[in-house]
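Structural characterization, general
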Amino acid sequence: MLKDIPDSVAISFLDDGVINSAEVEDHICNIRTVLTAYREVGLKLAVKKCNFFADKITYLGHVLNEKGTRPFDSYVDAIKKWPLPRYKTEATMPGSLNPGWMPSERRTRRPNGDQ
């Protein structure tokens, strides 16, 4: 739905989105652009869930502010506390760090990672 809008202006994930702007005038323009894109595909916003002109927000496990983007401190702490593997079999992590654990990925990927 936001395919024609650059990621530097707005991003969305499922039913959640963020509009980014450095200046108020740009932000108003970007809000109009995104709301128009939503309207064109028939989406409606829940005004109670909207937060406009915020200096800091949380989004998908990250804190976004004028300084940039960083993961939640609790996520960083969890990774720091992750025990070091003792054996080779313990070095494999499920999820995005090792997509080969997914059954569909195993069928389509060769052992060396080539498609």
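Just above sits the structure.
Residues numbered from 1 in each chain as written. Predicted model: local features only at pLDDT ≥ 70, side-chain atom pairs only at ≥ 80, totals over all residues. Heavy atoms only, no water.

Focus on the pairing of strand β2 (residues 16-19)
Bridge count for strand β1 (residues 10-13) against β2 is 4 bridges, and the pairing is antiparallel. Among the inter-strand pairings, S12 is bridged to a residue of β2, identified as G17. Connecting β1 to the next strand, β2, in antiparallel fashion are 2 residues, including L14 with a positive phi near 55°. (Pairing = 2+ DSSP bridges. Helix = DSSP H or I, 4+ residues; strand = E, 2+ residues; numbered from the N terminus.)

Focus: a nonpolar patch on the surface
Taken together, the side chains of V24, I28, F52 and F53 present a nonpolar region at the surface, about 360 Å² in accessible area. Within the secondary structure layout, V24 lies in helix α1 (residues 24-40). Exposure remark for V24: the relative accessible area of 48% places this residue in the partly exposed category. (Patch = residues over 30% accessible without salt bridge, like charges linked within 9 Å, V, L, I, M, F, W, Y side chains within 5 Å. Areas by Shrake-Rupley, 256 points an atom, 1.4 Å probe, with all protein chains shown as cover. Salt bridge = Lys/Arg side-chain N within 4 Å of Asp/Glu carboxyl O. Buried < 20%, exposed > 50% of the residue type's maximum accessible area, 1.4 Å probe, protein only.)

What to know about the pairing of strand β4 (residues 62-65)
The sheet contact formed by strand β3 (residues 56-59) and β4 spans 4 bridges and is antiparallel. Bridging across to β4, Y59 finds its partner in H62. Once β3 ends, the chain turns through 2 residues before running back antiparallel as β4, passing L60 with a positive phi of about 50°. Where β4 lies against strand β5 (residues 68-71), 4 bridges are found, and the strand directions are antiparallel. Note that in β5 the partner of L64 across the bridge is T69. Counting the residues between successive antiparallel strands, the hairpin from β4 to β5 contains 2 residues.

Some words on the nonpolar core
Counting 7 residues, the largest nonpolar core is built from L2, I5, V9, A10, V34, A37 and Y38. Sort the elements by how many residues they give to this core and α1 lands first, with 3 residues. Dropping the residues within four chain positions of it, V34 is found in contact with L2, I5, A10 and I19. (Core = buried A, V, L, I, M, F, W, Y, C linked by side-chain atoms within 4.5 Å. Contact = heavy atoms within 4.5 Å.)

Here's the deal with the sheet that holds β5
If you trace the 3 strands from one edge of the open sheet to the other, you get β3-β4-β5, paired in antiparallel fashion. What marks the edges here is a single partner per strand, and that holds for β3 and β5. Averaged over neighbouring strand pairs, the angle between their axes works out to 20° when direction is ignored. (Axes fitted to C-alpha atoms, helices over the stretch in contact; angles between N-to-C directions.)

Thoughts on the side chain of N30
Looking at the element boundaries, N30 is found in helix α1. A polar contact is formed between the side chain of N30 and the backbone oxygen of N20, at a distance of 3.3 Å. Look past the residues within four positions of N30 in its chain and what remains in contact with it is V9, I19, N20 and S21. (Polar contact = N/O pair within 3.5 Å; in protein donor to acceptor, adjacent residues only side chain to side chain.)

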